[in-house]
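Examining the three-dimensional arrangement
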Amino acid sequence: MNEDRLPPVAPEVTATLVENLSPRLRKRLDAAVTKLGARPTRRDADTVTIEVDDETELRLHAPSGVVATTDAITCGCLLAPACVHRAAAACAAPAADPPPEPADQPPAAAPEPASVTDPASVTDPASATDPAFVADPDPAPEAASPPELASPDQLAAAEALWAAGAAVLEAGVDGAGAVAQSALLRAAHTARLRQLPRAAGAALSVVTLLRAARVGDPAYRTADLVTALAELLGTAHRARTASGAELAAVRGRARRPYSPDGSLRLYGLFTEPVVTDSGHGGVRTWVAGSDGRLFTVGDVAPGGVGRALGVADRAVRLGDSALTHRELGRAGLAVAGATVSPDGRLGAGKSVKAVTARGAAWTEPPLAALWETPPSEQAARALGSVSRYADPDGGGSDLLFLEVEILGAVQESGGSCLLARCEGGGHVRLTVADDDPALAHRDNVMLLATAPGTRLRVIGRLVPAPHPRLTLLACSHPSGEGTIDLGFDRLRRADLPDPNAPVHPAPPRPRGAGAHSPLYLLERRVEQTVPAGRAALGVLGDVTAEARRIRRAGLPTAAGLLTALCASAARRDRDLFGRLLPADIDGFAIHWLAAARYTAAVAESLCSAAWDPAKEGVR
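Before going into details, it helps to say that this report is about the structure given with it. Quick caveat, the model's predicted, so the values are computed rather than measured. (Residues numbered from 1 in each chain as written. Predicted model: local features only at pLDDT ≥ 70, side-chain atom pairs only at ≥ 80, totals over all residues. Heavy atoms only, no water.)

**Focus: the pairing of strand S12 (residues 427-432)**
A large share of S12 lies buried, amounting to five of its six residues. Pairing of strand S11 (residues 415-422) with S12, which is carried by four bridges, proceeds in the antiparallel orientation. Residue Arg421 lies in a different strand from S12, and its bridge partner there is His427. Connecting the antiparallel pair S11 and S12 is a turn made up of four residues, with Gly424 showing a positive phi of about 110°. Note: S12 against strand S14 (residues 469-476), four bridges, orientation parallel. Note that in S14 the partner of Leu430 across the bridge is Leu470. (Buried < 20%, exposed > 50% of the residue type's maximum accessible area, 1.4 Å probe, protein only. Helix = DSSP H or I, 4+ residues; strand = E, 2+ residues; numbered from the N terminus. Pairing = 2+ DSSP bridges.)

**So, unusual backbone geometry**
Here the bond from Ala80 into Pro81 is cis, since omega is 5°, no more than 30 degrees from zero. Positionally, Pro81 belongs in the loop between strand S4 (73-75) and helix H3 (84-92). Positive phi outside glycine occurs at Ala45, with the angle close to 60°. Turning to its location among the elements, Ala45 is positioned in the loop between strand S1 (41-44) and strand S2 (47-51). Classification of Ala45 by relative accessible area gives exposed; the value is 62%. Even without being glycine, Gln195 reaches a positive phi, approximately 60°. If you trace the backbone, Gln195 turns up in the loop between helix H5 (178-193) and helix H6 (197-214). Taking relative accessible area as the criterion, Gln195 reaches 33% and is therefore assigned partly exposed.

**As for the sheet that holds strand S6 (residues 280-289)**
Here five strands make up an open sheet; going across it, the order is S7-S6-S5-S8-S9 and the pairing antiparallel. At either end of the open sheet lies a strand with only one pairing partner, and these are strand S7 (294-302) and strand S9 (353-357). With strand direction ignored, the average angle separating the axes of adjacent strands in the sheet is 35°. When strand S5 (residues 259-275) meets S6, the two strands line up antiparallel, connected through nine bridges. Note that in S6 the partner of Pro273 across the bridge is Val283. Those strands touched by helix H9 (residues 304-311) are S5, S6 and S7, and its axis lies near 40° from that of S6. (Axes fitted to C-alpha atoms, helices over the stretch in contact; angles between N-to-C directions. Contact = heavy atoms within 4.5 Å.)

**A short note on the packing of aromatic side chains**
Ring pairs (aromatic) are described by centroid distance and by the angle formed between their planes. Under the definition given, this model contains three aromatic pairs. Measuring from centroid to centroid gives 6.3 Å for Phe270 and Trp286, while their planes differ by 10°, and the two rings are stacked. In this pair, Phe270 is assigned in strand S5 and Trp286 in strand S6, connecting sequence segments 16 residues apart. Residue Trp286 is classed as buried on the basis of its relative accessible area, which comes to 8%. In this structure an aromatic cluster arises from ring pairing among Trp362, Trp371 and Phe401. (Phe/Tyr/Trp six-rings, centres within 6.5 Å; stacked < 30°, edge-to-face > 60°.)

**Describing the pattern of salt bridges**
Summed over the entire model, instances satisfying the criterion amount to 35 salt bridges. A salt bridge links Asp224 to Arg221, with the shortest nitrogen-to-oxygen separation between them at 2.8 Å. For Asp224, a relative accessible area of 32% corresponds to the partly exposed category. Across the salt bridge formed by Asp485 and Arg326, the nearest N and O atoms sit 3.3 Å from each other. Highlighted residues: Asp485 in strand S15 (residues 483-485) and Arg326 in helix H10 (residues 325-328), separated in sequence by 159 residues. You'll find Asp485 and Arg326 in the same group, each marked buried. What emerges from the salt-bridge pattern is a single network uniting Arg42, Glu51, Glu57 and Arg59. (Salt bridge = Lys/Arg side-chain N within 4 Å of Asp/Glu carboxyl O.)

Rendered as structure tokens:
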């Protein structure tokens, strides 16, 4: 049985069913989930039936697409409704996204600009998770009125989220079974009711990733679970101490608000396919306003890569325009009554009016200005958007617009990529956006690698790395006329310059800032905790040599965090009779969170430095 075949189950339903089990049945729950996953299913309208055995059937009723009550899961076994099967089915199904909160929910505020360094002055590991760790040194003065604080109910919800997240970190993936996941789901449900949607969403992400890890999903990555856990713990920690605008950012927003933006004159840039690990597919078309602001028009729904290929030639859902997504990527729109979300998505409400207008070439205003901003400034802006712990409502784009000269292919540990020289002399690696053979990305990048010396304007998505790196999304046509959507259009060899023309030899492999940073010594300890829990670090022994190497590289805070993290993992105090006391779960979680947030901050700082040719070590 595949999880995708089951309807989503509301978090509170799963939590309630697990909580109602007897202690004996809770011990059998993980085995029941695994066993149920191997049983056949069938769907009949709004009901999915699982054959528990030859004589027993289990039904999940989802009239609105979601199993919203415990009574909607029924079992025909003799022990029902107190059987383990109902809870196992809920645990095997995906967790449903919570419904949106009322529209009058307080809006989230954007965070202050960050300045990421190696703050050797940090003495408390927990401070690496606080805004002061990366905050502007001269914050604006507070208003005269007292800043808003979290309510007692919100503080209790944050405490529950922290406790559930710390328990997962203590046990690791191997020990975080259905019972631990139900605790997270209960805490997420409570947090949503207490208007903490950001933390609730982080808890649901942790549950989803835990389930993917435990079933061996090939799309699962430990780094994703590290980020989700750190987001959950960090948000829960900050909710207990934040106030004013920071508290609004910590609370987050449960629904995507669209605000009026008047009349817009838009110019198409390109269209990219969107294919997600959850089986959704579609397209996203990027357009720019006359002032250079970037907007998107999307169409994504269940369907995978096949849907992405089909939707590209469907009409855009925006006003009265008859343009398809592919056509809009090269044309223009005049929009009246526009509504826009914080991340630049254009709303398609009934009041929005849009008609087709003339587009612009990438070399014509207003689009040409996108390529005039220095790459370092573009990278700094994009990095704020792709940061692991960026404010979800912060907005901003992760796209870069570069003029490059193709140098050829270079080999990496994970394969090969395209090396190019940016305008101004820096080097950038251009990688494939999606390896799916149904899309044109890989074939186009491989073909471009055979044409060194070709000059192009490119659009790519920033990849955080200690060297300049982009996933390639679109480029100007090698002939100089028109543009190429690299996910849809397929280049031919005839489109490239004469292969017999003389070319420049490829330069030595570029070295980015931080390319040999020993920060990975701390990063790998942070990641090692997630699969097996605190015990994985508790048996490491002395890490003095690793700490010394990190300190010699100019990262004293990283060295201190590594030492404190491993010491916390190994520490087990004894009582007066010599008996082991329970481990300090909260203390270890604080040290781990500090290390996780710190490594992310330094990695982003190294990425920013790599794009700035004025900083030492970039070339």
